[in-house]
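Each chain, written out:
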Amino acid sequence: MDIFWLVILGLTMGMVFGIALEKSRVMEPGVLINQFLFRDFTMLKMFLAATATGLVSLSALTAFGIAELHPKGFVVGNIIIGGTILGIGIAIAGACPGTVFAQIGRGYKDAWFTITGGLLGAAFYGYNKSVIDGALDLGNLGKITYADFVPSVPFWMLGLGTSALLVVFMFALESYRPWTSDRKDASGGLGHSPAE
Amino acid sequence: MDLLRKSMRSPYLAGIIIGLLQIPAFLLVDTALGASSSFVTASGFLFSAFDSSVAEIKYFAKYMSKDKYFWQSALVTGIALGAFISYKASGRTSSFSSPSWRSLSVSPAALPRIIQGFIGGFVLLIGARIAGGCTSGHGISGLAQLSVGSSVAVVFMFVGGIIAANLLYKRS
């Protein structure tokens, strides 16, 4: 696709993404951090629904043979240490690399500083990639997926099965803790009333 | 436009919408949803204004040349636009920082928010780039592809987040 149309497509998809993040309040620092404190389950609910829907979407695309999967590699040390640092970063910033842009749209000025820090963090890694990767080198298991463990089962079957399990889990979570109750006890002042 | 006017919507609905976005991503861009690569693209272009060697560093060069990273940069810009539309339509007032910080007994005052945001952003992107993806790329997209590495990354994101959140905010 022409770069112009790729950018238009990206902006359009991003707008849908941004509306979803803003309306679900997942972009609020209090929602993310209270998930880590198990006081608010909004983030987990959105995350499970997105994963389950993604699994169904990709199961369909691969079953019809119209798209190829692009799983990321399992670089052991990088995944473990990087994942942990990323989690710490989410807890400090109250944002993810994606939701910080929704904070910008929401008008939170401090998010500009999170992005500035993020640009410097990305540059720091870019300049020091070989040193950092060398220090964390625990081997690379490649782009393995759980579907590789059962080669006789097609991805779509495993994908739909996993998605169904996630849906069951979501129903259990929802009956234990309805989404409308989440922010009441934890995220004070988050969009209860239109007057907020 | 009642859909946009409500200030609070189901996280399940939001998740379903985001999960469906994988379809145009894979079909039209041949890639998965992600966000953190765009920081490398942007910082590559920013730093190349001061340092002409940046474009010769293989890591930056990759993110400054491939079409899918321009698409992703447009995607994150779109996230800001979409959130702006959603926020304006719901008629809420703006504030320097999120009122939700109060639920963590954290001061919403400007200076501490700036410092914490800056440090948080730095840590966030170092972690995401070391891991090779963020909550979108490893989380939502990696799990939807049943990636083993991404599932381990997600577990450690929660480990890091839970430990840090308990150390930083437990008293609240």
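Residues numbered from 1 in each chain as written. Chains lettered and ligands numbered in written order. Predicted model: local features only at pLDDT ≥ 70, side-chain atom pairs only at ≥ 80, totals over all residues. Heavy atoms only, no water.

Peer 1: Honestly, the overall build of chain B in this entry has me stumped. Any pointers?
Peer 2: Tallying secondary structure elements over chain B gives nine helices and zero strands in all. Walking chain B from its N terminus toward its C terminus, one meets helices and strands in the order α-α-α-α-α-α-α-α-α. For the C-alpha atoms alone, the extent of chain B along its principal axes is close to 45 × 35 × 35 Å. Look at the contacts in chain B between residues 6 or more apart in sequence, and 52% of them connect residues 24 or more apart. Accessible area for chain B stands at about 6,700 Å²; split by element, carbon and sulfur atoms hold 69% of it. Across chain B, the 14 positively charged side chains and the 5 negatively charged ones have centroids separated by 18 Å. (Helix = DSSP H or I, 4+ residues; strand = E, 2+ residues; numbered from the N terminus. Contact = heavy atoms within 4.5 Å. Areas by Shrake-Rupley, 256 points an atom, 1.4 Å probe, with all protein chains shown as cover. Lys, Arg positive; Asp, Glu negative; His and termini not counted. Charge placed at Lys NZ, Arg CZ, Asp CG, Glu CD.)

Peer 1: Whenever I open this one, the confidence of the model for chain B confuses me. Can you help?
Peer 2: Segments scoring low in pLDDT should not have their predicted coordinates read at a detailed level. Taken over all residues, the pLDDT of chain B has a mean of 94, while the share at 70 or more is 97%. Predicted complex metrics record ipTM = 0.96 and pTM = 0.94. (pLDDT = per-residue confidence, 0-100.)

Peer 1: Teacher, can you tell me more about the side chain of Thr53(A) here?
Peer 2: By secondary structure assignment, the location of Thr53(A) is in helix α3 (residues 42-63). On the basis of relative accessibility, which here comes to 13%, the residue Thr53(A) falls in the buried class. Polar contacts involving the side chain of Thr53(A) include one to the main-chain carbonyl oxygen of Ala49(A), which spans 2.7 Å. For Thr53(A), the contacting residues outside a window of four places in its chain are Gly15(B), Ile16(B), Gly19(B) and Leu20(B). (Buried < 20%, exposed > 50% of the residue type's maximum accessible area, 1.4 Å probe, protein only. Polar contact = N/O pair within 3.5 Å; in protein donor to acceptor, adjacent residues only side chain to side chain.)

Peer 1: Would you mind going over α3(A) with me for this structure?
Peer 2: Because each turn of an α-helix spans 3.6 residues, side chains separated by three or four positions end up pointing in the same direction. With 22 residues, α3(A) extends 31 Å between its outermost C-alpha atoms, agreeing within 8% with the 32 Å of an ideal straight helix rising 1.5 Å per residue. Across the 22 residues of α3(A), 18 count as buried, placing the element largely inside the fold. (Expected span 1.5 Å × (residues − 1).)

Peer 1: How should helix α1 (residues 3-23) of chain A be read in this particular structure?
Peer 2: Residues and elements named next belong to chain A. A rise of 1.5 Å per residue sets the reference length of α1, with its 21 residues, at 30 Å; its end C-alpha atoms lie 30 Å apart and thus fit the reference within 8%. Turning to α1, its buried residues number three or more, namely Leu 6, Leu 9, Gly 10, Met 13, Gly 14, Phe 17, Gly 18, Ala 20, Leu 21, Glu 22 and Lys 23. Two residues or fewer after α1 comes Arg 25, characterised by a positive phi angle close to 65 degrees.

Peer 1: When you look at the environment of Phe41(A) in this model, what are you seeing that I'm missing?
Peer 2: Residue and element names in this part refer to chain A. With respect to the helices and strands, Phe 41 occurs in the loop between α2 (29-36) and α3. Taking C-alpha positions, Phe 41 is 27 Å from Pro 71, a pair spaced 30 residues apart along the chain. Ignoring sequence-local partners within four residues, the contact set of Phe 41 consists of Gln 35, Leu 173, Arg 177 and Asp 182.

Peer 1: What am I meant to see in the nonpolar core here?
Peer 2: One broad trend across soluble globular proteins is that nonpolar side chains are buried collectively. In this structure, Leu21(A), Ile18(B), Leu33(B) and Trp71(B) are the most contacted members of the largest nonpolar core, which totals 99 residues. For this core, the element with the highest residue contribution is α3(A), accounting for eleven residues. (Core = buried A, V, L, I, M, F, W, Y, C linked by side-chain atoms within 4.5 Å.)

Peer 1: What am I meant to see in a nonpolar patch on the surface here?
Peer 2: On the surface, Met1(A), Ile3(A), Phe4(A), Trp5(A), Ile8(A), Phe64(A), Ile66(A), Leu27(B) and Leu28(B) cluster together into a nonpolar patch covering about 930 Å² of accessible area. For the nonpolar patch, the secondary structure elements donating two or more residues are α1 of chain A together with α3 (22-29) of chain B. Per element, the largest residue contribution to the nonpolar patch is four residues, and it comes from α1(A). Among the secondary structure elements, Phe4(A) is positioned in helix α1. (Patch = residues over 30% accessible without salt bridge, like charges linked within 9 Å, V, L, I, M, F, W, Y side chains within 5 Å. Salt bridge = Lys/Arg side-chain N within 4 Å of Asp/Glu carboxyl O.)

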